[in-house]
Amino acid sequence: MEKTILVTGGLGYIGSHTVLTLINAGYKPIIVDNLCNSQPWILTQLEKLSGQKIKNHAIDCTNFSDLEAVFKNEPIHGVIHFAALKAVNESVHEPLSYYNNNVKSLLNIIELVSKYKVRKLVFSSSCTVYGTADKLPISEDHPIKTAESPYGSTKQMCERIINDCLKAKKIENAVILRYFNPIGAHSSGLIGELPLGIPNNLAPYIMQTAAGIRSSLTIYGNNYNTHDGTCIRDYIHVMDLAEAHVKSIEVMEVSATSHTLNIGTGKGNSVLDVINAFENATGIKLNYTYGERRIGDIEKIYADTNLSEEILKWKSKHSLEEAMRDSWKWQMYLKSK
Ligand code: NAD
Ligand code: UFG
């Protein structure tokens, strides 16, 4: 029988791609998503792409009794916990919503994982937990500095809570994944990132500019100490990221084990590299100008992926150009809708 994996936030950007990857790997995902940052038609897209019915429980993970009903009624084999609020800027202005949503959801998940003896938990963390890197590529043993935003702080707290509960044997196994910068979309162009309002992140801003929704992209700073003066990040295709979640579940199938792992490509690319990749992949010239540095941006960060490659037997496969091509397909699909 297929093993059931509860995917919280499964209608969101990374969650939706992971749901498909789980199905392809022979698992049965069930979703819990309150739709605070997604839309119901994403479920229809997932059903179209997978050719099967998928259940979404439209409930809030901060509501313990609603969440417990799912654990009572479904034979849950593992949990992948994506559900969280993720806008760094917004978290500075709305810290209580961020602490309440992100921390409370995880506490409820842990309590239920413990009560219902679920032996596999995967948690979405972020390279934001590191802050500015002392050394690049950055490895998992890099010191965790004071978080620069309430959002970053929720990720640090959640990691700590998981590690404390592992030590106290309240939960058996967990894999914490620290994502670098997710980009791209499913190659069908039928699912992708759905930014609300004006995007803060680079890739959706590029797509909306090319689609004529925004007039021009502002590159935040071109006087950094990098090969072309623009900031460097580790951009990872969302399908590679999705695969890393399935591998994390598989690792916990074969041994009782817990890990904290970087999920990136190991390569640093600048803002201009991303724009070039977009132009090469689509043949479209992008309108952009240089502006001031954005407050809080770090100059460069990219992952040391040795540990994740060793533990998960996984490596990112997709190029920056493929990610740009797939995001563009998704943008075109949105335009045609
Ligand atoms: P997303 O907003 O697209 O997806 C999150 C989903 O969770 C949404 O569909 C939303 O409706 C749902 N959700 C939020 N709070 C909920 C709650 N209390 N109960 C039920 N559903 C809830 O975000 P994403 O980009 O897919 O990110 C997924 C996870 O990865 C998040 O934990 C995020 O912090 C983390 N992460 C994202 C990035 C990134 O750049 N996208 C980088 C690092 C880490
Ligand atoms: N950038 C621009 N113009 C834009 C948007 C972004 O030049 O309009 C630049 C930024 O200055 C940065 C790079 O593009 O140099 C990437 O910026 P993003 O906002 O796409 O990504 P960040 O690395 O700043 O932040 C992302 C997520 C955070 C997460 C962090 C670490 O948005 O949620 O990675 O995981 F915390």
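Break down the side chain of Asn 108 for me, citing the residues and quoting the values.
Secondary-structure assignment places Asn 108 in helix H5 (residues 95–115). Among the residues examined, Asn 108 registers a relative accessible area of 5% and is labelled buried.

So, the site of ligand 1: which residues are in play, and what are the values?
In the vicinity of ligand 1, 27 residues are found, and the nearest of them are Asp 33, Asn 37, Phe 82, Asn 101 and Tyr 151. In this structure, Asn 37 approaches ligand 1 through a side-chain N or O atom, which is 2.7 Å from an oxygen atom. Residue Asp 60 places a side-chain N or O atom 2.9 Å away from a nitrogen atom belonging to ligand 1. Protein coverage of the free-state accessible area of ligand 1, which is 820 Å², stands at 95%. When residues of the shell around ligand 1 are traced back to their parent elements, those giving at least two are helix H1 (13–24), H5, strand E5 (121–126) and helix H6 (150–167). Of all the elements, E5 adds the most residues to the shell around ligand 1, at three residues. Counted by class, the shell around ligand 1 contains 13 nonpolar, ten polar and four charged residues.

I'd love a proper account of the site of ligand 2, names of residues and values included.
Contacts to ligand 2 come from 22 residues, most closely from Ser 126, Asn 201, Thr 218, Arg 233 and Asp 297. Contact distances for ligand 2 include 2.6 Å between an oxygen atom and a side-chain N or O atom of Asn 201. At 2.8 Å, a backbone N or O of Thr 218 approaches a nitrogen atom of ligand 2. Within the complex, 89% of the 680 Å² of free accessible area of ligand 2 lies under protein. Broken down by element, the residue count for the shell around ligand 2 peaks at four residues, all from strand E8 (residues 217–220). A class-by-class count of the residues in the shell around ligand 2 yields twelve nonpolar, six polar and four charged.

I'd like a description of the pairing of strand E1 (residues 4–8), backed by residues and values.
The buried count for E1 comes to five of five residues, which makes it a mostly enclosed element. Burial along E1 is two-sided: the face carrying Thr 4, Leu 6 and Thr 8 and the face carrying Ile 5 and Val 7 are both buried. Sheet topology places E1 next to strand E2 (residues 28–32); five bridges connect them, and they run parallel. Note on E2: the bridge partner recorded for Ile 5 is Pro 29. Handedness of the β-α-β unit built from E1, H1 and E2 comes out right-handed. Across five bridges, E1 lies against strand E4 (residues 76–81) in parallel orientation. Paired with Leu 6 across the two strands is Val 79, which belongs to E4.

Parameters at a glance
- Residues numbered from 1 in each chain as written.
- Chains lettered and ligands numbered in written order.
- Predicted model: local features only at pLDDT ≥ 70, side-chain atom pairs only at ≥ 80, totals over all residues.
- Heavy atoms only, no water.
- Helix = DSSP H or I, 4+ residues; strand = E, 2+ residues; numbered from the N terminus.
- Buried < 20%, exposed > 50% of the residue type's maximum accessible area, 1.4 Å probe, protein only.
- Near = heavy atom within 4 Å.
- Polar contact = N/O pair within 3.5 Å; in protein donor to acceptor, adjacent residues only side chain to side chain.
- Areas by Shrake-Rupley, 256 points an atom, 1.4 Å probe, with all protein chains shown as cover.
- Nonpolar A, V, L, I, M, F, W, Y, C, P; charged D, E, K, R; others polar.
- Pairing = 2+ DSSP bridges.
- Right-handed = clockwise from strand over helix to strand, strands pointing away.

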